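Per-entry structural report
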Amino acid sequence: MTYELIRSRRKTLSVEVSREGKVIVRAPLRLSRARIEQFVTAHADWIARAEARQRARLAAHPEPDAAQQAALIRRARAELPPKVEHYARLMGVQPAGVRITGARTRFGSCSGSNRICFSWRLMDYPEAAVDYVVVHELAHIVHKNHGPQFWALVARYLPDWRARRALLRD
C-alpha cells in the first residue's frame, strides 16, 4: 500500500485519508519501518473504506472549474447574508460580520468575536443543509462549544438538524 510517512516527536502511530484520498501515516521519530508497515497492514480494511468514502465524496462534489466557482461565490454572497439575518433575528443573536471564504475543510465557522465565515463550497449542497450550517454557526454566538445546550439551541430552530447535517456528508 502506498502512503506518505510523516515522522515527528509524537508518541503514537496514526493513519488518515485526506480529502484528496491520499493515505498519510504519522509516526514517532525512532519507530521502526517494520512496526509502521505492521500498523498499516493491520488497518488496511479501514484505509480501504476511508479511500472509498473519499472517492465517493469527490465524485458527488468534484472541484468546480473557475466559472462554476465564480457562480457559487455569487450565490453565496447573494443568499447567505439574508439567511443569516433571518435566523439571527429568530434566534435573538447578532453576528459581528459575515464573510465568504474558500475553505475546503469546513463549511462554516464562528470566531471568538462572533464573526461568521461560510465557505462558498456550501452552495453546492441542498438548501436544508445550508440552513443547518447557518443556524449551527449562529448558535456558536451563544455557546462556543458543542455541548448539550448548544445542540438544544440548534434543535429549537431546526428540530430535524440531524437529517440536515447528514446531507453534508452525502
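Overview of the structure. (Residues numbered from 1 in each chain as written. Predicted model: local features only at pLDDT ≥ 70, side-chain atom pairs only at ≥ 80, totals over all residues. Heavy atoms only, no water.)

1. Details of helix α6 (residues 161–169)
The following threshold applies: Summary of the burial criterion: residues with accessible area below 20% of their type's maximum are buried, those above 50% are exposed, and those between are partly exposed, where the area comes from a 1.4 Å probe applied to protein chains only. In this text, helices come from DSSP runs of H or I with a minimum length of four residues, and strands from runs of E with a minimum of two, each type numbered from the N-terminal end. This arc is taken over the directions from the axis of the helix to the C-beta atoms. Residues count as neighbours in contact if any of their non-hydrogen atoms are within 4.5 Å of one another.
Where α6 is concerned, the buried positions are W161, R164 and L168. Around the axis of α6, the buried residues are gathered within 65 degrees of arc, so they sit on the same side. Relative to its buried face, α6 has exposed residues pointing more than 90 degrees away, namely R162 and R169. Its buried side turned inward, α6 meets α4 (127–142) and α5 (148–157).

2. Quick look at the environment of M91
Among the structural elements, M91 can be located in helix α3 (residues 66–91). With relative accessibility at 9%, the residue M91 sits in the buried group. Linking M91 and A139, residues 48 residues apart in sequence, is a C-alpha distance of 8.1 Å. In this structure, M91 is in contact with V135, L138, A139, L153 and Y157, ignoring residues within four places of it in sequence.

3. Quick notes on the sheet that holds strand β5 (residues 108–110)
What holds strands together in a sheet is hydrogen bonding between their backbones, with the strands either parallel or antiparallel. What counts here: For two strands to be treated as a pair, DSSP must find no fewer than two bridges joining them. Only the stretch in contact is used when fitting a helix axis, every axis being a line fitted to C-alpha atoms; angles between N-to-C directions are given from 0 to 180 degrees.
Pairing is mixed in the open sheet, where three strands are placed in the order β4-β6-β5. The sheet is open, and its two borders are formed by β4 (97–101) and β5, each paired with just one other strand. Looking at each pair of strands side by side, their axes are set apart by 15 degrees on average, direction ignored. Relative to strand β6 (residues 115–119), β5 runs antiparallel, the two being bridged by three bridges. Among the inter-strand pairings, S109 is bridged to a residue of β6, identified as C117. Set on the sheet, α3 makes contact with β4 and β6; between it and β4 the angle comes to about 150 degrees.

4. Points about the pattern of salt bridges
Condition: Any Lys or Arg side-chain nitrogen located within 4 Å of an Asp or Glu carboxyl oxygen qualifies as a salt bridge.
In the structure shown here, the tally under the stated rule is 10 salt bridges. Here K83 ties to E127 by a salt bridge, and the two come within 2.8 Å at their closest N and O atoms. With K83 in helix α3 and E127 in helix α4, the pair connects residues that are 44 residues apart, well separated along the chain. Overall, E127 belongs to the exposed group, its relative accessible area being 54%. When the shortest N-O distance is used, the salt bridge between D160 and R164 registers 2.7 Å. Take D160: its relative accessible area is 38%, and that puts it in the partly exposed class. The class for R164 is buried, based on a relative accessible area of 15%. Residues joined in a network through salt bridges with shared partners are E63, R104 and R121.

5. Observations concerning the sheet that holds strand β2 (residues 14–17)
Spatially, three strands are ordered β1-β3-β2 in an open sheet, and the strand pairing comes out mixed. This sheet does not close on itself; its edge strands, each paired only once, are β1 (4–8) and β2. For this sheet the average axis-to-axis angle between neighbouring strands, irrespective of direction, equals 20 degrees. In this structure, β1 lies alongside strand β3 (residues 23–28), joined through five bridges in parallel fashion.

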